[in-house]
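One-letter residues, chain by chain:
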Amino acid sequence: MGNIVVRLEERKAPITCENFLKYVKSGFYDGTIFHRVIKGFMIQGGGFTQEMKEKPTHAPIKNEASIQLRNRKYTIAMARTSAPDSATAQFFINTANNRFLDPDKASDGVGYAVFGTVIQGQNVVDKIEKVETSNRHPFYKDMPVEPVVIKSMKVLGE
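To keep things clear, this report deals only with the structure shown in the data block. (Residues numbered from 1 in each chain as written. Predicted model: local features only at pLDDT ≥ 70, side-chain atom pairs only at ≥ 80, totals over all residues. Heavy atoms only, no water.)

## Section: helix α2 (residues 122-129)
Spacing of three or four residues puts side chains on the same side of an α-helix, whose turn is 3.6 residues.
Here is step 1 of the chain: By the burial criterion, the buried members of α2 are Val124, Val125, Ile128 and Glu129. Mapping the buried residues of α2 onto a view down its axis gives an arc of 140°, with all of them on the same face.
Here is step 2 of the chain: Where α2 is buried, its residues contact β2 (34-38), β3 (42-45), β5 (91-94) and β6 (114-120). (Buried < 20%, exposed > 50% of the residue type's maximum accessible area, 1.4 Å probe, protein only. Helix = DSSP H or I, 4+ residues; strand = E, 2+ residues; numbered from the N terminus. Arc of directions from axis to C-beta. Contact = heavy atoms within 4.5 Å.)

## Some remarks on the environment of Gln44
Here is step 1 of the chain: Looking at the secondary structure, you find Gln44 in strand β3.
Here is step 2 of the chain: C-alpha of Gln44 to C-alpha of Met78: the two residues are 34 residues apart in sequence and 9.2 Å apart in space.
Here is step 3 of the chain: Leave out the neighbours within four places in its chain, and Gln44 touches Ile33, Phe34, His35, Arg36, Ala79, Gln90, Phe91 and Phe92.
Here is step 4 of the chain: Among the polar contacts made by the side chain of Gln44, one reaches the side chain of Gln90 at a distance of 2.7 Å. (Polar contact = N/O pair within 3.5 Å; in protein donor to acceptor, adjacent residues only side chain to side chain.)

## A short note on the nonpolar core
When a protein is soluble and globular, its nonpolar side chains tend to lie buried together.
Here is step 1 of the chain: Counting 37 residues, the largest nonpolar core has Phe20, Tyr29, Phe34, Phe91 and Phe115 as the members making the most contacts within it.
Here is step 2 of the chain: For this core, the leading source of residues is helix α1 (residues 14-26), giving five residues.
Here is step 3 of the chain: When residues no more than four places from it in sequence are discounted, the contact partners of Phe20 are Leu8, Tyr29, Ile76, Phe91, Phe115 and Met153. (Core = buried A, V, L, I, M, F, W, Y, C linked by side-chain atoms within 4.5 Å.)

## Details of unusual backbone geometry
Here is step 1 of the chain: Non-glycine residue Met52 carries a positive phi angle of around 65°.
Here is step 2 of the chain: For Met52, the location among the structural elements is in the loop between β3 and β4 (75-78).
Here is step 3 of the chain: Residues other than glycine seldom take positive phi values, yet Asp142 does so here, at roughly 60°.
Here is step 4 of the chain: One can find Asp142 in the loop between β7 (133-134) and β8 (143-144).
Here is step 5 of the chain: In this structure Asp142 comes out as partly exposed when scored by relative accessible area, which is 26%.

See below:
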């Protein structure tokens, strides 16, 4: 649907950025999809193929959620389970200011680790957020009817 450029916050979220870059540089994200899209909330991807096969990941990382990096519109954060230190490869881009995901507002007192900001391609994020979704998969709701594929990711300047 277009290009998205993200500026990473390597000083404020070093573990998370190193983890994300490891996946980017290995080509892990190439061909994965945005499998969860919720209007007014976020777009999530980076873990499944178009056939909804989950890709094997590295070990989970420590949650670096911080009030210095808030879940604001167009920030990128790590997806995780209910366990705070369970993030691996999946990420989401906030499409709204989601303060309830910040550590000082989160119901679990931990929150979700933001590690960068979309600096180009906000219009692409907006287009993805507006795709038609359905609950066609038994385990995943809010899936795009037509797959939204991440063709490739790369580190700019390398």
